Amino acid sequence: MNPDGITAAVGESRPRIEGRLKVTGAARYTADVPVAGLAHGWVVTATVSRGRIRDIDAGEALAQPGVLGVLDHRNARRLNPDAGQYFGPDRSLPLLQDEVVAYAGRPIALVVAETPEQARAAAATVRVTYDAEPHDIEFSLAHPAARPASTLFGPEADTGDLEAELAASALVVDEVYHTPEENHSAMEPHVATAWWQDGHLHALDSDQGPFGISQVMASLFLIDPERAHIRAEHVGGGFGGKTVCGPQLILAAMAAEHFGRPVRVALTRRQVFLATGSRPPTEQRVRIGADADGRFRAVHHHAAFALSPLAEYIEWCTEQARTLYAAPAIRTELTAVPLDLLPPCSMRGPGATPGSFAFESAVDEVAERLGIDPLRLRLLNQPEVGPVSGRPFSSRRLVACLQEGARRFGWAQRDPRPRVRREGDLLVGTGVAAVAFIAGVFPSSATITAETDGTFSVRIGATDIGTGARTALIAVAADALGVGVERIRMHIGDSDLGMAAGAGGSRGTTSCAFAIVETAKALREKLAGATTPVTASVDTTPLINWRPDEDRYTYSAVFAEVTVDVATGEVRVRRLLGMFAVGRVINPLLARSQLIGGMIGGLSMALHEEGVRDPVTGRLVTADFAGYHISAHADVPGIEADFVADYEPQDPSGFNGLGEIGNAGVAAAIANAVWHATGTRHRTLPISLGRVVESVAAQDRPQAVGVA
Amino acid sequence: MTDNGRGEIETRSEISLRVNDVDYRVAVDNRRTLLDAVRDDLGLTGTKKGCDHGQCGACTVLLGGRRVLSCLTLAVAAEGAAVTTVEGLAGDGELRPIQEAFVRLDGFQCGFCTPGQLCSAVGMLAEHAAGWPSAVTRDGSPERTPELTEEEIRERMSGNLCRCSAYPSIVRAILEASAREAVAG
Ligand code: FES
Ligand code: FES
């Protein structure tokens, strides 16, 4: 196993390989790479939510110093209207093609100049007039345009006789939950630099998967896929927001071609909010019927999300209902509501994050109304096999997460009554939530060369957007080759490295690790007796079992303690503990960081984040970090994330992804803790000051004061 | 824009910048921020632009030892002052204690906010050592240097957003490095 006498790298905590570059400012992100002859594009976005452009008057802009020109639908090149990505054709991708405006924030012109200041100043002078049409951004589950969502992720669940089981239940919880539009807000705004050479498109782009993006660009520009070369060496976060082909790249490529020189398009922070997709708002009705002893009889989760008519999309909120608990009858329904908005974009823990807020809040309401400990209720309803699929689980360590978490958190000492713990003006409460997050791999390919100097060059189109993929994959390669990590040269972040899964769906590292392990195996066979260099390549597409006979998930249990200030309505998280079952952990130091980061994202969602649109104009009014608060240092307490021992049998190395599960569950745990503190259920996120103050004030009327 | 006396509008100025102990003479657009000047004119791209708006802290540099948001500082206004960027934090190939602690304790993920966090931490430690209180300091009397607790660090570092949310490790790294930083100065 280990010819070099090297101890296994997988399982060891190691700092990031690029750490030194990142703390000295030497790591080059997209906008840091100098390119000779660079021109700068400044985006002009639409200010109406629906309508037609009557005129774009760029006369003044064109007369300004340094301005090379203005691209809009009248002079831009044609793009393939059928280009698309994961969910099929995306009609929002072809920019500057016609005068139609389908959502506010749509890029409608690009001013290109020698310097960013010139481009910006000129863009401010562009006069756009519209023939506005009435828009509709009023999201609700009952919207007349609501339709069943795509079933690309599988058919809806419908087992047992739901209505009969509900009728036979001692208790039925039937509540509606809301989550708002939320923005990924990676700290690096979307930026791309593009140039053309001999019919080839070259671009540096801030994205989560340069290979996939190169395929979309090739399709959009109708060029041979081999002619699109996209690089993303260091990426300043993504969280899903950079999984789709972004307007920065499309516009930079169009302008580079038009003006015959390299062009950089950097979205401003405001434009990131306006012109790139967000997590859509959701409205979710959950019905749970239970016997008096707490056993579930019926589970019904009906979730609706907003999308755009321009592209298909799935916010799969109903995943928890089909796998977390056993019940004789389970039904899921997913509804899509097309509105005059830009297409949404998967955001960390898509579906599971808003979905588990609703579902795990409803489960808590069952516990509350039956007077059963919420942890015990969850343990009581654990399934033996997939409640809907009927298949066994490949590994299911959720009970271990719940029990170990409860032990560390001190759950046994918890007084179940709400609103009985006061510390001065503060009410104190604790809450719990459980999560199941689907796991698996996407096809990827890797190439490994055994070099003559004894090193191994590993080439794989992976991306490290802060996940630690580069460092993790080095450890995986070292173990698979049976050598020390110092002998691995890892090359990632370039579409020319071959087909590979992007950093998304909690599958980037697992998919790439699988490809590396298989390639290492092939290389070791070839190496026997051969003279170096020797190269092996493997594409995992034919190796993936798409219909495994066991359900593959990762799990978590989240415990939260909050304080609620009765006077101000401020909710603060005092403690947050997450226990995770995520397969074998490659690098505990980095994995813990990623999970803690996810948990803070969940905290931020629970308490702060809310995209608000002006109903009159349809425009996002929270398009900066003043209007859209994301958790800052002072919002974040000490947070603990840890693992229960786990091994995924469907992966040759026992791995599963963990990029997203950290987010899910946290909002429900916090909301449940807020109920425990105040006696009030918050079914709408975020649990902001105003919402809390109103409900606390209602409770604080003399007759309603709780036991202090 | 200024009139140069000949009726022409001057939109550029030639200025001297002293960055990381190196003197530069550059001609900049008067509208150019210090952030864009260090990045694009001096090629010091370690300093990052997260919002260009004074709302995220990614662009934090030290100006005369004090933390400033370089996106809200015009380059022409920084003429003559000593600027320190992330590239200037390490001495002669050696990481300085706070940088070493960030790497070892994983005080970042994507690393995009990191240059700002580091510069901000160095400036913050100096403010603290000078006895400046913060909003969470209980006893703000000038004779007392407040104890550097996790709560103090969180409060004082709240201008530096990190969407990867490496916050707990950042705080740990700052706390751990603070004593050695004080010596390193
Ligand atoms: S870039 Fe200066 S504060 Fe955000
Ligand atoms: S490390 Fe990614 S934003 Fe802080």
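Residues numbered from 1 in each chain as written. Chains lettered and ligands numbered in written order. Predicted model: local features only at pLDDT ≥ 70, side-chain atom pairs only at ≥ 80, totals over all residues. Heavy atoms only, no water.

**Examining the overall build of chain B**
Argument step 1. Per the secondary structure count, chain B includes 5 helices and 7 strands.
Argument step 2. Element order for chain B, N to C, with α for helix and β for strand: β-β-β-β-α-β-β-β-α-α-α-α.
Argument step 3. Dimensions along the principal axes, computed over C-alpha positions, put chain B at roughly 60 × 35 × 30 Å.
Argument step 4. Considering chain B as a whole, with its 185 residues, one finds that 53% of them fall into the buried category. (Helix = DSSP H or I, 4+ residues; strand = E, 2+ residues; numbered from the N terminus. Buried < 20%, exposed > 50% of the residue type's maximum accessible area, 1.4 Å probe, protein only.)

**Notes on the overall build of chain A**
Argument step 1. Within chain A, the regular secondary structure consists of 16 helices and 27 strands.
Argument step 2. On C-alpha atoms alone, chain A measures out to a radius of gyration of 26 Å, which is about the 27 Å that the 2.2 N^0.38 rule sets for 708 residues.
Argument step 3. Taking the principal axes of the C-alpha coordinates as reference, chain A spans close to 75 × 75 × 50 Å.
Argument step 4. Here chain A holds 708 residues, and 63% of them are scored as buried.
Argument step 5. Here the contacts in chain A between residues at least 6 apart in sequence split such that 82% fall between residues at least 24 apart.
Argument step 6. By element, 53% of the accessible surface of chain A is carried by carbon and sulfur atoms, the whole surface being about 23900 Å². (Rg over C-alpha atoms; globule rule 2.2 N^0.38 Å. Contact = heavy atoms within 4.5 Å. Areas by Shrake-Rupley, 256 points an atom, 1.4 Å probe, with all protein chains shown as cover.)

**Quick look at the side chain of Glu152(B)**
All names here are of chain B.
Argument step 1. Among the secondary structure elements, Glu152 is positioned in helix α4 (residues 150–156).
Argument step 2. Judged by its relative accessible area of 4%, Glu152 falls in the buried class.
Argument step 3. Apart from the residues lying within four places of it in its own chain, the contact partners of Glu152 are Ser134, Val136, Thr137, Pro146 and Glu147.

**Focus: the interface of chain A and chain B**
Argument step 1. Chain A puts 54 residues into the contact, and the matching count from chain B is 50 residues.
Argument step 2. Across the chain A to chain B interface the summed buried area is about 4100 Å²; carbon plus sulfur atoms make up 56%.
Argument step 3. Counting every contact that joins chain A to chain B gives 6 salt bridges.
Argument step 4. Here Asp52(B) ties to Arg120(A) by a salt bridge, and the two come within 3.9 Å at their closest N and O atoms.
Argument step 5. For the pair chain A and chain B, the number of links is 22 residue pairs in polar contact (both at pLDDT 80 or more). (Buried area = accessible area lost by both parts, 1.4 Å probe. Salt bridge = Lys/Arg side-chain N within 4 Å of Asp/Glu carboxyl O. Polar contact = N/O pair within 3.5 Å; in protein donor to acceptor, adjacent residues only side chain to side chain.)

**Considering the domain arrangement of chain A**
Residue and element names in this part refer to chain A.
Argument step 1. As assigned here, chain A comprises domain 1 (19–26 + 442–543), domain 2 (33–134 + 187–237 + 242–275) and domain 3 (158–164 + 279–439 + 549–699).
Argument step 2. A C-alpha centroid distance of 32 Å is found between domain 1 and domain 2.
Argument step 3. Listed by partner, the interface residues are 18 residues for domain 1 and 17 residues for domain 2.
Argument step 4. Taken together, both faces of the contact between domain 1 and domain 2 bury some 1300 Å²; the carbon and sulfur share is 51%.
Argument step 5. Where Arg470 meets Glu233, a salt bridge forms, and the shortest distance between an N and an O atom there is 3.7 Å.
Argument step 6. Here the side of domain 1 that touches domain 2 is built from residues that sort into 7 nonpolar, 6 polar and 5 charged. (Domains from an automatic or database assignment. Nonpolar A, V, L, I, M, F, W, Y, C, P; charged D, E, K, R; others polar.)

**Here's the deal with helix α3 (residues 116–123) of chain A**
Argument step 1. Within α3(A), 6 of the 8 residues are buried, which leaves it mostly tucked inside the rest of the structure.
Argument step 2. Among the residues of α3(A), Pro116(A), Glu117(A), Gln118(A), Ala119(A), Ala122(A) and Ala123(A) are the ones counted as buried.

**Observations regarding the packing of helix α2 (residues 97–105) of chain B against helix α3 (residues 114–129) of chain B**
Residues and elements named next belong to chain B.
Argument step 1. Taken N-terminus to C-terminus, the directions of α2 and α3 make an angle of 135 degrees; their axes are 10 Å apart at the nearest point. Considering their axes alone, α2 and α3 lie oblique with respect to each other. α3 is crossed by α2, and the crossing has right-handed handedness. Seen from α2, the contacting residues are Ile98, Gln99 and Phe102; seen from α3, they are Thr114, Gln117, Leu118, Ala121 and Val122.
Argument step 2. For the contact of α2 with α3, the residue count by class is 5 nonpolar, 3 polar and no charged. (Axes fitted to C-alpha atoms, helices over the stretch in contact; angles between N-to-C directions. Parallel < 35°, antiparallel > 145°, perpendicular 65-115°, else oblique. Left-handed = near helix turned anticlockwise from the far one by under 90°.)

**Describing the pattern of salt bridges**
All names here are of chain A.
Argument step 1. If you walk through the whole model with that rule in mind, you get 67 salt bridges over all chains.
Argument step 2. A salt bridge links Asp642 to Arg408; its shortest N-O distance comes to 2.8 Å. Placement of Asp642 in strand β27 (residues 639–643) and of Arg408 in helix α11 (residues 398–409) is noted, with a sequence separation of 234 residues between them.
Argument step 3. Among the residues examined, Arg408 registers a relative accessible area of 32% and is labelled partly exposed.

**A short note on the domain arrangement of chain B**
Residue and element names in this part refer to chain B.
Argument step 1. The domain architecture assigned to chain B consists of domain 1 (10–88) and domain 2 (97–184).
Argument step 2. Averaged C-alpha coordinates put domain 1 and domain 2 at centres separated by 22 Å.
Argument step 3. Across the boundary between the two partners, domain 1 contributes 17 residues, which contact 17 residues of domain 2.
Argument step 4. In total, about 1200 Å² of surface goes out of reach between domain 1 and domain 2, with carbon and sulfur atoms giving 60% of it.
Argument step 5. Contact with domain 2 buries area across many residues of domain 1, yet Lys48, Arg67 and Val86 alone supply 44% of it, more than any other trio.
Argument step 6. If you look at where domain 1 meets domain 2, you find 1 salt bridge.
Argument step 7. We note a salt bridge from Glu127 to Arg67, for which the minimum N-O separation is 2.9 Å.
Argument step 8. At the surface where domain 1 touches domain 2, the tally comes to 7 residue pairs in polar contact (both at pLDDT 80 or more).
Argument step 9. Mapped onto the side of domain 1 that touches domain 2, the elements with two or more residues apiece are β5 (60–63) and β6 (66–69).
Argument step 10. The leading source of residues in the side of domain 1 that touches domain 2 is β5, at 3 residues.
Argument step 11. When grouped by side-chain class, the residues that make up the side of domain 1 that touches domain 2 number 5 nonpolar, 8 polar and 4 charged.

**Describing the nonpolar core**
Argument step 1. Phe296(A), Ile670(A) and Ile174(B) are the most contacted members of the largest nonpolar core, which has 135 residues in total.
Argument step 2. With residues near it in sequence (within four places) discarded, Ile670(A) still touches Ala560(A), Val562(A), Val573(A), Leu603(A), Ala606(A) and Leu607(A).
Argument step 3. If you look at the next biggest cluster of nonpolar residues, it comprises 38 residues, including Leu95(A), Leu201(A), Met217(A) and Leu220(A). (Core = buried A, V, L, I, M, F, W, Y, C linked by side-chain atoms within 4.5 Å.)

**Digging into the confidence of the model for chain A**
Argument step 1. Averaged over every residue, the pLDDT of chain A is 95; residues scoring 70 or more account for 97%.
Argument step 2. In the model, residues 703–708 of chain A has pLDDT below 50 throughout and makes 9 contacts with residues more than four positions away in sequence or in other chains. (pLDDT = per-residue confidence, 0-100.)

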